[in-house]
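Structural characterization, general
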Amino acid sequence: KAGVTQTPRYLIKTRGQQVTLSCSPISGHRSVSWYQQTPGQGLQFLFEYFSETQRNKGNFPGRFSGRQFSNSRSEMNVSTLELGDSALYLCASRGPDLGAFFGQGTRLTVV
Amino acid sequence: AQTVTQSQPEMSVQEAETVTLSCTYDTSESNYYLFWYKQPPSRQMILVIRQEAYKQQNATENRFSVNFQKAAKSFSLKISDSQLGDTAMYFCAFIIIQGAQKLVFGQGTRLTINP
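Residues numbered from 1 in each chain as written. Chains lettered and ligands numbered in written order. Predicted model: local features only at pLDDT ≥ 70, side-chain atom pairs only at ≥ 80, totals over all residues. Heavy atoms only, no water.

Now for the overall build of chain A. From N to C terminus, chain A includes zero helices and 11 strands. In chain A, the succession of helices and strands from N to C terminus is β-β-β-β-β-β-β-β-β-β-β. At 13 Å, chain A has a C-alpha radius of gyration in line with the 13 Å of a compact globule built from 111 residues. Reported as C-alpha extents along the three principal axes, the dimensions of chain A are approximately 40 × 25 × 25 Å. For chain A, with 111 residues in total, the buried portion stands at 51%. Of all intrachain contacts in chain A linking residues separated by at least 6 positions in sequence, the fraction that spans at least 24 positions is 52%. When the accessible area of chain A is evaluated, it comes to approximately 5,100 Å², of which 48% is carbon and sulfur surface. The averaged location of the 6 negative side-chain charges in chain A is 4 Å from the averaged location of its 12 positive side-chain charges. (Helix = DSSP H or I, 4+ residues; strand = E, 2+ residues; numbered from the N terminus. Rg over C-alpha atoms; globule rule 2.2 N^0.38 Å. Buried < 20%, exposed > 50% of the residue type's maximum accessible area, 1.4 Å probe, protein only. Contact = heavy atoms within 4.5 Å. Areas by Shrake-Rupley, 256 points an atom, 1.4 Å probe, with all protein chains shown as cover. Lys, Arg positive; Asp, Glu negative; His and termini not counted. Charge placed at Lys NZ, Arg CZ, Asp CG, Glu CD.)

Now the structure itself:
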């Protein structure tokens, strides 16, 4: 079974730009969650999608948004990038047993 | 508030030794799952072991085992016969079965296995 695939692996963007990250979950998994990882704040929950619906959202500004497609693939978008958005963004795929499996992450650098 | 505390920011042991990583958590819920994740320098979070809170028996997975004390809200990870490949950041986390489907993570413990 293929694992969770995140693309791209690395991104460098300029302040004010927007960015879209992609996540393909494990086949059969309908839940996709996104997390931001930084040295200072650790791992923070962004949002979770299940069957194309956002079920939960963390404490992030509205610049952070996402969506999920009918094939369970998910995208995360960050608009008007700020320096503080530089982080590792991790996507997690979950099946019915609640165990979350992570992708390799997208390293976003905002300059 | 739902929190996870890992009191050991860094640990270092010799290869083949046994090491225990501590974790305490706080939640008012009674039904949840607990996890230990490993994040090596490659950055990918790897699920090491999981424990259902309703199970009294401690989970084991090869060289990895947990000591789950529900009343004390403690969930420590023991690594036996440690190997160089165990060098990584280790994160303790839990998820509530009903409600917000999000993992709550601790700040992590950086474990180094020395040859």
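Residues and elements named next belong to chain B. Considering all chains together, one arrives at 16 aromatic pairs over all chains under this definition. Seen from their ring centres, W36 and F75 are 6.3 Å apart, and the 20° between their planes marks the pair as stacked. Of this pair, W36 sits in strand 5 (residues 32-39) while F75 sits in strand 9 (residues 74-79), and the two are 39 residues apart along the sequence. As far as the burial class goes, W36 and F75 line up, both buried. (Phe/Tyr/Trp six-rings, centres within 6.5 Å; stacked < 30°, edge-to-face > 60°.)

Another aspect to go through is the side chain of Q6(A). All names here are of chain A. Structurally, the position occupied by Q6 is in strand 1 (residues 5-7). Its relative accessible area of 5% is what places Q6 among the buried residues. Within polar-contact distance, the side chain of Q6 engages the backbone oxygen of Y89 at 3.0 Å. A polar side-chain atom of Q6 sits 3.0 Å from the main-chain amide nitrogen of G105. Those residues in contact with Q6 that lie beyond four places of it in its chain are S22, C23, W34, Y89, L90, C91, G103, Q104, G105 and T106. (Polar contact = N/O pair within 3.5 Å; in protein donor to acceptor, adjacent residues only side chain to side chain.)

Quick look at the side chain of Q6(B) now. Residue and element names in this part refer to chain B. With respect to the element layout, Q6 can be found in the loop between strand 1 (3-5) and strand 2 (10-14). Given the relative accessible area of 8%, Q6 is considered buried. Here G108 takes part through its backbone nitrogen, which lies 3.1 Å from a polar atom of the side chain of Q6. Within the local environment of Q6, its side chain forms a polar contact with the side chain of T109, the two groups lying 3.4 Å apart.

This brings us to the sheet that holds strand 8 (residues 74-78) of chain A. Residue and element names in this part refer to chain A. Taken in spatial order, the four strands line up as 1-3-8-7 in an open sheet, and their pairing is antiparallel. Since the sheet does not close on itself, it has two edges, and those belong to strand 1 and strand 7 (64-68), each with one partner. The sheet shows a mean angle of 15° between the axes of neighbouring strands, direction not considered. Looking at chain direction, strand 7 and strand 8 are connected through five bridges and run antiparallel. Looking across to strand 8, one finds that F64 is bridged to V78. (Pairing = 2+ DSSP bridges. Axes fitted to C-alpha atoms, helices over the stretch in contact; angles between N-to-C directions.)

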